[in-house]
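# What the coordinates show
One letter stands for each residue in the lines below.
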Amino acid sequence: MAAVQVQHFLGRARDFLKGMDLLKDDLAEFKFSPALLGIHGAISYCDALRVGLGSGKVSSDDHQSATGDLKSLLASRRFDRPQGADRLGKLLSKKSRIAYAPEATREDEIKQIIQDAERFAAWAEAAGKSLKIEGW
Amino acid sequence: MIDSLMKKQDLGRAKNALQDYLIHKLLIPKIYMDANWNGMPVDVLAIDRAGVGDVHAVRMVPLEPGIGISAAFILFATPSQSPIEEFRSLPSHYRYVAVVGSDQDSYEFNPAVVWNSLAEDGVGRIGILYVDLSEDEPSVRVILKAERFRSSKEIVELADHYVAEHTANWEIRE
């Protein structure tokens, strides 16, 4: 059952990331969309990892506790590269600002979010395989 | 001397164009140029999803000046001479032959090419790309869409080993 959920979240994560990828080359036209897709992609990767590592606490409104939960799950498996999870906290801290804040967002900030999302995705893909998560 | 330098530079530009094509097609891949893949030369090798996903292998077929893509199709449709034949035994999920040329011509698609590109059991088809060097910026066009070949323990182990031993030409670092 967990493997089905892992595949569900993983499918979402890759879909969001690909969407970000398609839009990121045209930041003059699309600025907030690729950034938000990148953040949501990271959230979905995190959900896939957490479910695959046995967390039963994944829900749509517990994103703020997600980083801590993921880190403790990785620690319980003695995963040797847990630092990648820190990038998730950084991305989550930008979510409301990108989605709702009225003030302008600088292009370099958007580029940083996209880069962090890509790096988090690269880390998550490698982590999922290395941890032999069922459904990955 | 100048001719050979230009040819080398053209092939380099074609490799870069193929790399860009794969970066956009795949998700955060690791890309290698001039790879030795299980003892076979591969011009551009991409391993999807940060090096843990499907393996994509591209071999280039440069055309001599004045020869258009229709001539390449005649070659591809002849099994004994086709560059596709050598690619059949290459262990990778996706395989592509990239025709590199600068002479635009129209062509009639030869159904024999499609037939020759298929795996014996039908699971997998070698894709054909055309790298157009006639414009200032090289572009890649899909002539025949690649279809996924069967996976195997051999492919997965080769990919894991390759990623561990080589530095990618393009990648998203963690």
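Residues numbered from 1 in each chain as written. Chains lettered and ligands numbered in written order. Predicted model: local features only at pLDDT ≥ 70, side-chain atom pairs only at ≥ 80, totals over all residues.

## Thoughts on the overall build of chain A
Basically, it comes down to this: By the criteria applied, helices consist of DSSP H or I runs no shorter than four residues and strands consist of E runs no shorter than two, each listed in order from the N terminus. As defined in this context, the radius of gyration uses C-alpha atoms, and a globule is described by 2.2 Å times the residue total to the power 0.38. Exposure is read from a count of other C-beta atoms within 10 Å of each residue's own; the residue is exposed at 12 or fewer, buried at 20 or more and partly exposed in between. C-beta atoms are placed from the backbone. The contact criterion used is a C-beta to C-beta distance within 7 Å, with each C-beta placed from the backbone.
In terms of regular secondary structure, chain A is built from 6 helices and 0 strands. Radius of gyration (C-alpha) of chain A: 15 Å, near the 14 Å computed for a compact globule of 136 residues. With respect to the three principal axes, the spread of C-alpha positions in chain A is 40 × 25 × 25 Å. Buried positions account for 42% of the 136 residues belonging to chain A. When contacts within chain A are restricted to residue pairs at least 6 apart in sequence, those whose partners lie at least 24 apart make up 71%.

## Considerations on helix 1 (residues 2-23) of chain A
All names here are of chain A. Heads up, the condition is: A helix is expected to span 1.5 Å multiplied by its residue count minus one. It is the directions from the helix axis to the C-beta atoms that the arc portrays.
With 22 residues, helix 1 extends 32 Å from end C-alpha to end C-alpha; this agrees with the ideal 32 Å at 1.5 Å per step. Taken together, the buried positions of helix 1 are Val6, Phe9, Leu10, Ala13, Arg14, Phe16, Leu17, Met20 and Asp21. For helix 1, the angular spread of buried residues about the axis comes to 165°, placing them on one side. Set apart from the buried face of helix 1 by more than 90 degrees, the exposed residues are Val4 and Gly11. The inward-facing, buried residues of helix 1 contact helix 2 (32-52) and helix 6 (107-130).

## Thoughts on the sheet that holds strand 4 (residues 94-101) of chain B
Residues and elements named next belong to chain B. Counted only if it meets this: DSSP bridges decide pairing: two strands pair if at least two such bridges lie between them. Axis definition: a line fitted to C-alpha atoms, over the contacting stretch in the case of helices. Angles run 0 to 180 degrees between N-to-C directions.
Read from one edge to the other, the open sheet built from 6 strands follows the order 1-2-3-4-5-6, with strand pairing classed as mixed. The open sheet has two free edges, formed respectively by strand 1 (30-37) and strand 6 (139-144), since each of these has just one partner strand. The average undirected angle you get between the axes of adjacent strands in this sheet is 30°. Direction of pairing for strand 3 (residues 55-62) relative to strand 4: parallel, over a ladder of 7 bridges. Looking at strand 4, one finds that methionine 60 is bridged to alanine 98.

## Points about the packing of helix 1 of chain A against helix 2 of chain A
Residue and element names in this part refer to chain A. Under the convention used in this document: Oblique is the label for any angle not under 35 degrees, not over 145, and not in the 65 to 115 range, which are roughly parallel, roughly antiparallel and roughly perpendicular in turn. For a crossing to be left-handed, the near helix must be turned anticlockwise from the far one by less than a right angle; the clockwise case is right-handed. When residues are sorted by character, Ala, Val, Leu, Ile, Met, Phe, Trp, Tyr, Cys and Pro go into the nonpolar class, Asp, Glu, Lys and Arg into the charged class, and all the rest, Gly among them, into the polar class.
Running from N to C, helix 1 and helix 2 cross one another at 160°; their axes reach a closest spacing of 8 Å. The pairing of helix 1 with helix 2 is recorded here as roughly antiparallel in orientation. As helix 1 packs across helix 2, the resulting crossing turns out to be left-handed. Together, Ala2, Gln5, Val6, Phe9, Leu10, Arg12, Ala13, Phe16, Leu17, Gly19, Met20 and Leu23 of helix 1 and Ser33, Pro34, Leu37, Gly38, His40, Gly41, Ser44, Tyr45, Asp47, Ala48, Val51 and Gly52 of helix 2 make up the contact between the two elements. Classifying every residue of the contact of helix 1 with helix 2 gives 14 nonpolar, 8 polar and 2 charged.

## Looking at the confidence of the model for chain B
As a general rule, the predicted coordinates of low-pLDDT regions are not to be interpreted in detail. Definition in use: Each residue carries a pLDDT value, the predictor's own confidence for that position, ranging from 0 to 100.
In this model, chain B carries a mean pLDDT of 90, and residues with pLDDT of at least 70 account for 95%. For this predicted complex, the interface confidence reaches an ipTM of 0.85, while the overall pTM sits at 0.90.

## Structural notes on the packing of helix 2 of chain A against helix 6 of chain A
All names here are of chain A. The interhelical angle for the contact between helix 2 and helix 6, taken along N-to-C directions, is 20°, at an axis separation of 9 Å. The angle between the axes of helix 2 and helix 6 places the two elements in the roughly parallel class. Where helix 2 crosses over helix 6, the handedness of that crossing is left-handed. Every residue of helix 6 that contacts helix 2 at Pro34, Ala35, Gly38, Ile39, Gly41, Ala42, Tyr45, Ala48, Leu49 and Gly52 is listed here: Ile110, Ile113, Ile114, Ala117, Phe120, Ala121, Ala124, Ala127 and Gly128. Along the lines of polarity and charge, the residues of the contact of helix 2 with helix 6 split into 15 nonpolar, 4 polar and no charged.

## A word on the interface of chain A and chain B
The partner chain B presents 8 residues to the 12 residues of chain A that form the contact. Only helix 1 and helix 6 of chain A provide two or more residues apiece to the side of chain A that touches chain B. Looking at the side of chain A that touches chain B element by element, the count peaks at 8 residues for helix 6 of chain A. The residue inventory of the side of chain A that touches chain B, partitioned by class, reads 5 nonpolar, 1 polar and 6 charged.

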